[in-house]
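# Structural overview
Each chain, written out:
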Amino acid sequence: MTVARQPLVRTALLASALIGVLAACSASDSIRDVNLNEYNSGSGRDRVRGRLTGQDDGIVLFGTARTPRPGEADTGGGGLGVNAFLWRATLDTLTFMPLASADPFGGVIITDWYSPPGAGAERFKATAYVMGRQLRSDGVRISVFRQVRQGNNWVDAIVAPSTAAELEDRVLTRARELRSQSTGAR
């Protein structure tokens, strides 16, 4: 190629690249409009957002499904993976124990060891499981662990079965109170 033709080739390449960029810019407005209409319309994509398979029986990811299933109208979900009333009631009931971990999407609350005042030779720990998005009597399970001091060591001890059942009853009572307060405020 001759030296005189090199500037012409560069100019031609630059011009074609510029034409391609301008063509893409003019087309991007129509593409943007299509995308906005697709996501903001009442299309099927909006109705199944958050579902892995896109069907009513699909897997819900992170609780983002927009349409509740039949019978789940008042579950108290509020963006949680579990029933919000049971979750809040469990936290309220276990406030006397220090909190070690809380997972609202998995529904697990773990407390740290707690020694009641005046009982320095024993300590308790609780793990609560909130199971499901509906406010039901079997929607919460609490496991209580007890240790007693023997010398310088803590040794596991038996917990009365009524202890966990009593805590579960308190959680359910508090959850019903919270639900009635929220429906009364509407």
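Right above here is the structure, for reference.
Below is a summary of the structure that appears in this document. Owing to the predicted nature of the structure, the values given are computational and were not obtained by experimental measurement. (Residues numbered from 1 in each chain as written. Predicted model: local features only at pLDDT ≥ 70, side-chain atom pairs only at ≥ 80, totals over all residues. Heavy atoms only, no water.)

So, on to the overall build of the protein. In terms of helices and strands, the protein carries four helices and five strands. Taken from N to C terminus, the helices and strands of the protein fall in the order α-α-α-β-β-β-β-β-α. Taking all 186 residues of the protein together, 23% fall into the buried category. Accessible area for the protein stands at about 12,400 Å²; split by element, carbon and sulfur atoms hold 57% of it. (Helix = DSSP H or I, 4+ residues; strand = E, 2+ residues; numbered from the N terminus. Buried < 20%, exposed > 50% of the residue type's maximum accessible area, 1.4 Å probe, protein only. Areas by Shrake-Rupley, 256 points an atom, 1.4 Å probe, with all protein chains shown as cover.)

Enumeration according to the criterion identifies one aromatic pair in this entry. Arranged with centres 5.4 Å apart and planes meeting at 80°, the rings of Phe 96 and Tyr 114 form a pair that is edge-to-face. One end of the pair, Phe 96, is in the loop between α3 (84-93) and β1 (99-103); the other, Tyr 114, is in the loop between β2 (108-111) and β3 (122-130), and 18 residues separate them in sequence. A cation over a ring is seen here: Arg 123 above Trp 113, with NZ or CZ 4.5 Å from the ring centre. (Phe/Tyr/Trp six-rings, centres within 6.5 Å; stacked < 30°, edge-to-face > 60°. Lys NZ or Arg CZ within 6 Å of the ring centre and 35° of its normal.)

Among the ten residues of α3, seven are classified as buried, and the element is accordingly described as predominantly covered. Among all positions of α3, only Phe 85, Leu 86, Trp 87, Ala 89, Thr 90, Leu 91 and Thr 93 are buried. The elements touched by buried residues of α3 are β1, β2, β3, β4 (140-150) and α4 (161-184). By the N-cap criterion, in which a side-chain oxygen at the helix start approaches the backbone nitrogen of a residue two or three places on, α3 is capped by Asn 83, the distance to Phe 85 being 2.9 Å. (Contact = heavy atoms within 4.5 Å. Polar contact = N/O pair within 3.5 Å; in protein donor to acceptor, adjacent residues only side chain to side chain.)

Take the nonpolar core next. Judged by nonpolar contacts, the single largest core of 23 residues is most densely connected at Leu 94, Ile 142 and Val 144. Mapped onto this core, the elements with two or more residues apiece are α3, β3, β4 and α4. In terms of residue count, α4 provides more of this core than any other element does, six residues in total. (Core = buried A, V, L, I, M, F, W, Y, C linked by side-chain atoms within 4.5 Å.)

As a further point, take the sheet that holds β2. Note on sheets: strands pair through backbone hydrogen bonds, and any given pair is parallel or antiparallel. Spatial ordering of the open sheet is given by β1-β2-β3-β4-β5, a layout of five strands whose pairing is antiparallel. Single-partner strands in this sheet number two, and they are β1 and β5 (153-157). Here the strands of the sheet are splayed against their neighbours by 20° on average, with no regard to which way each runs. Across nine bridges, β3 lies against β4 in antiparallel orientation. (Pairing = 2+ DSSP bridges. Axes fitted to C-alpha atoms, helices over the stretch in contact; angles between N-to-C directions.)

Taking 1.5 Å as the rise per residue, α4 with 24 residues should run 34 Å; its terminal C-alpha atoms sit 35 Å apart, in good agreement. Every buried residue of α4 is listed here: Ala 164, Leu 167, Glu 168, Val 171, Leu 172, Ala 175 and Leu 178. Those residues of α4 that are buried are in contact with α3 and β4. (Expected span 1.5 Å × (residues − 1).)

One pass over the structure, following the stated rule, counts seven salt bridges. Here Arg 174 and Asp 92 are joined by a salt bridge, their closest N and O atoms 3.1 Å apart. Of this pair, Arg 174 sits in helix α4 while Asp 92 sits in helix α3, and the two are 82 residues apart along the sequence. In this structure, Glu 168 engages Arg 141 in a salt bridge whose closest nitrogen and oxygen atoms are separated by 3.3 Å. Pair noted here: Glu 168 is in helix α4 and Arg 141 is in strand β4, with a separation of 27 residues, a long-range link. The class for Glu 168 is buried, based on a relative accessible area of 15%. What makes Arg 141 partly exposed here is its relative accessible area of 37%. (Salt bridge = Lys/Arg side-chain N within 4 Å of Asp/Glu carboxyl O.)

Turning our eyes to something else, we now look at the side chain of Gln 147. With respect to the secondary-structure elements, Gln 147 resides in strand β4. A distance of 2.7 Å separates the side chain of Gln 147 from the side chain of Arg 123, its partner in a polar contact. A distance of 3.0 Å separates polar atoms of two side chains, one belonging to Gln 147 and the other to Asp 156. Excluding residues within four positions of it along the chain, Gln 147 makes contact with Trp 113, Ala 121, Glu 122, Arg 123, Trp 154, Val 155, Asp 156 and Ala 157.

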